[in-house]
Amino acid sequence: MHPASLVTLATLLLIFLILSTPIISTLYTNPLPNTWPTTHAKTSVKMAFFVSLMPLFVFMNEGSEVIIYTWSWTNMLTFSINISFKFDIYSIIFTPVALYVTWSILEFASWYMHTDPNINRFFKYLLMFLIAMIILVTANNMFQLFIGWEGVGIMSFLLIGWWYGRTDANTAALQAVLYNRIGDIGLILAMAWIAMELNSWEMHQMFATSKNTNLTLPLMALILAAAGKSAQFGLHPWLPSAMEGPTPVSALLHSSTMVVAGIFLMIRMSPLMESNPTALTLCLCLGAVTTLFTAVCALTQNDIKKIIAFSTSSQLGLMMVTIGLNQPQLAFLHICTHAFFKAMLFLCSGSIIHSLNDEQDIRKMGGMHHLAPLTSSSLTLGSLALTGTPFLAGFFSKDAIIEALNNSYLNAWALTLTLLATSLTAAYSLRIVFYVSMGHPRFSPLPPINENSPSLINPIKRLAWGSIIAGLLITSNISPLKTPVMTMPALSKMAAMAVTLMGLLMALELALTASKQVSPTPLRTPHLFSNMLGFYPAIMHRLPPALTLTMGQVTATQSLDMIWLEKIGPKTIQNINQPLASMTSNAQKGLIKTYLTSLLLSLTLIIISPLMF
Amino acid sequence: MTPTLFTLSLCFTLALTGLSFHRTHLLSALLCLEGMMLSLYLALSLWTLQLDSPAFSLSPMLLLAFSACEAGIGLALLVATSRTHGTDRLQAMNILQC
């Protein structure tokens with residue numbers, strides 16, 4: 001067998017074995033050791049990471065992509081469902097990135113969730129999520145992808161509702177499941193269409209047999225699926241609500257891995273989307289609206305995790321825009337670099353939250369630069385990487401995306417919205433850094449600010465290294481599939497940096513006027529729009545359910561039960577006959593003696609009269 | 001008029017008069033009703049002998065059956081009246097319309 005495929009198959013088996021051993025060990029009745037999260041769970045992910053580097057190095061050396069068929073699960077005449085794994089450029093690079101980030105997050109979680117009595121179960125859930133995610137990205141057929149898709153959705157539900165005693169957490173978990181379900185409708189629709197028309201769920205067969213078919217319907221369905229999972233506009237409220245879960249959950253699921261599953265699906269299906277301008281335009285416009293809307297919402301939030309969540313949503317919109325530009329590789333690059341700095345931002349916010357005794361409101365933080373220097377430096381580093389500072393990780397992906405945007409034949413409105421959102425990225429990043437690290441402390445001097453634990457520092461440092469060099473590493477080791485435009489006017493080339501700088505300077509100016517009392521309160525209407533998330537949750541969580549339930553009540557209870565089974569059926573006879581009977585019986589007054597006397601009198605007269613006359 | 005016919009029609013007429021002119025008790029009206037039925041029964045039973053025709057021999061039995069039903073209904077009404085009004089006196093029935 002070819003060495004590349006042998007290595008890949010061996011490492012795949014090894015990774016699954018390594019990751020599932022801790023989970024299976026929890027099924028035995030032997031009590032787990034005290035340090036199980038650190039010694040077993042985190043170590044297994046660390047080993048899996050190093051093992052997954054093997055196929056990565058083989059790929060970087062040879063450029064070979066591998067598809068592994070294990071066995072055929074079932075077949076119905078001509079349609080068969082198999083277990084098959086695809087190790088192309090996307091899954092080979094994503095798996096080590098995801099494992100590296102998960103390793104750091106698990107180490108952080110052993111510090112953050114240290115006092116939780118169910119910490120073993122927490123780690124088990126995280127590992128199960130990781131396995132489902134790897135199944136999703138290495139899937140070569142839609143069925144396996146669906147298994148991974150549902151797996152990550154369910155683990156997201158269980159992890160968001162980790163502190164289930166809290167009502168808000170339960171509501172948020174339910175919200176996540178429901179919005180994901182709406183997306184799942186799209187995925188199942190696409191799977192059904194593909195099974196009917198293209199006769200297989202294997203990706204290479206789908207791509208080969210779909211050359212001349214009109215793919216608009218399944219692509220619309222797949223875009224719905226991606227919108228549900230990746231929180232695009234319309235199905236986005238679950239992502240900020242998902243911050244009810246513990247910070248490691250937010251860092252792993254809702255910034256790096258799960259929410260990119262939708263974008264990953266789009267990347268996998270990009271050969272189908274290339275020739276369909278409707279789908280591409282829809283992706284473009286949806287992504288542009290998402291990125292601007294969520295960036296606007298991030299500007300006035302006061303919870304540090306919510307700002308980072310909206311930042312994630314904004315970057316997901318940017319990835320969707322890239323898909324709409326027909327540049328799946330750039331979107332994938334952004335997924336990988338985004339994972340590093342977003343996870344680090346969440347880890348830093350978790351460190352700050354714990355240090356300030358579980359305070360999440362940025363208006364009650366401040367001056368952390370002197371009190372928690374490593375954390376606030378990493379926060380600044382992550383924010384710089386997020387805004388696309390040259391030669392940090394985010395620059396390689398974000399700048400490439402903006403350049404491609406400026407040089408493509410596309411909707412000018414989408415371009416404008418995306419550039420505006422890029423400048424707002426700098427604004428809200430500055431807001432976080434300004435409120436958290438700069439200025440004077442706005443909290444009481446009592447909280448236990450301590451960042452001396454190695455399980456806190458090492459993950460942040462690792463992810464910081466990743467935020468610095470990941471972009472450079474990945475771009476220099478893979479070859480681009482589409483040639484980027486190399487020559488453009490200077491302003492186009494500098495567009496991303498120019499708008500970012502403008503956003504940063506305006507935000508800085510606004511922040512520094514706060515102490516000068518230019519106006520005591522902000523303008524009510526825009527501030528309210530941004531703070532209440534555009535009123536989208538307030539309207540959509542009340543009105544459509546009320547209308548739907550009323551419609552259900554009207555059709556089921558009123559029209560079927562009350563009308564057909566009561567008024568028209570049995571009660572008709574009663575309703576017709578009773579007025580007749582009562583009207584008739586009310587006609588006489590019941591004077592029986594009078595009636596009978598008149599009878600007797602007339603009888604007597606009839607008998608006697610012939611005798612008289 | 002034969003004595004039989006005269007007796008039977010007189011009996012019927014007297015019972016009818018008693019039914020029409022009941023004054024105090026409802027039970028007396030019901031008794032007169034029974035009397036009417038009794039006279040009719042006698043008339044039908046004597047049909048065969050008077051008119052030498054055995055054709056309608058079944059009719060007295062039918063009349064008796066229906067008269068029994070009617071008596072049952074009348075007594076049920078009497079019981080119901082005495083339950084709701086407390087008495088079967090006729091003065092009570094006009095006072096409270098119920």
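What counts, and at which threshold
- Residues numbered from 1 in each chain as written.
- Chains lettered and ligands numbered in written order.
- Predicted model: local features only at pLDDT ≥ 70, side-chain atom pairs only at ≥ 80, totals over all residues.
- Heavy atoms only, no water.
- Helix = DSSP H or I, 4+ residues; strand = E, 2+ residues; numbered from the N terminus.
- Buried < 20%, exposed > 50% of the residue type's maximum accessible area, 1.4 Å probe, protein only.
- Contact = heavy atoms within 4.5 Å.
- Buried area = accessible area lost by both parts, 1.4 Å probe.
- Salt bridge = Lys/Arg side-chain N within 4 Å of Asp/Glu carboxyl O.
- Polar contact = N/O pair within 3.5 Å; in protein donor to acceptor, adjacent residues only side chain to side chain.
- Nonpolar A, V, L, I, M, F, W, Y, C, P; charged D, E, K, R; others polar.
- Phe/Tyr/Trp six-rings, centres within 6.5 Å; stacked < 30°, edge-to-face > 60°.

Caption draft 1: How the structure looks around the environment of Leu424(A). Residues and elements named next belong to chain A. With respect to the helices and strands, the residue Leu-424 is situated in helix 19 (residues 412–436). On the accessibility criterion, Leu-424 (16% relative accessible area) is buried. Put simply, Leu-424 and Thr-291 are 133 residues apart on the chain and 9.8 Å apart in space, counted from C-alpha to C-alpha. Discounting residues that sit within four places of it in the chain, Leu-424 has contacts with Leu-292, Ala-295, Val-296 and Leu-299.

Caption draft 2: Layout of the interface of chain A and chain B. Every contact between the two is made by 6 residues of chain A and, on the other side, 7 residues of chain B. Summing both sides of the interface, chain A and chain B together bury roughly 650 Å²; the carbon and sulfur share of this comes to 79%. The tally of links from chain A across to chain B stands at 0 salt bridges. At the boundary of chain A and chain B, one finds 1 residue pair in polar contact (both at pLDDT 80 or more). For the side of chain A that touches chain B, the class distribution of residues is 4 nonpolar, 1 polar and 1 charged.

Caption draft 3: Quick look at the packing of aromatic side chains. Residue and element names in this part refer to chain A. Applying the stated criterion across every chain, the model contains 27 aromatic pairs over all chains. With a centroid separation of 5.5 Å and an interplanar angle of 90°, the aromatic rings of Trp-73 and Phe-143 are classed as edge-to-face. You can see Trp-73 sitting in strand 1 (residues 66–76) and its partner Phe-143 sitting in helix 5 (residues 142–160), a full 70 residues away along the chain. In this structure Trp-73 comes out as partly exposed when scored by relative accessible area, which is 39%. Between Phe-108 and Tyr-112, the ring centres sit 5.5 Å apart and the planes meet at 25°, which makes this aromatic pair stacked. Of this pair, Phe-108 and Tyr-112 both sit in helix 3 (residues 89–112), 4 residues apart, which is roughly one turn of that helix.

Keep in mind that these numbers describe shape and distance, not what the molecule does.
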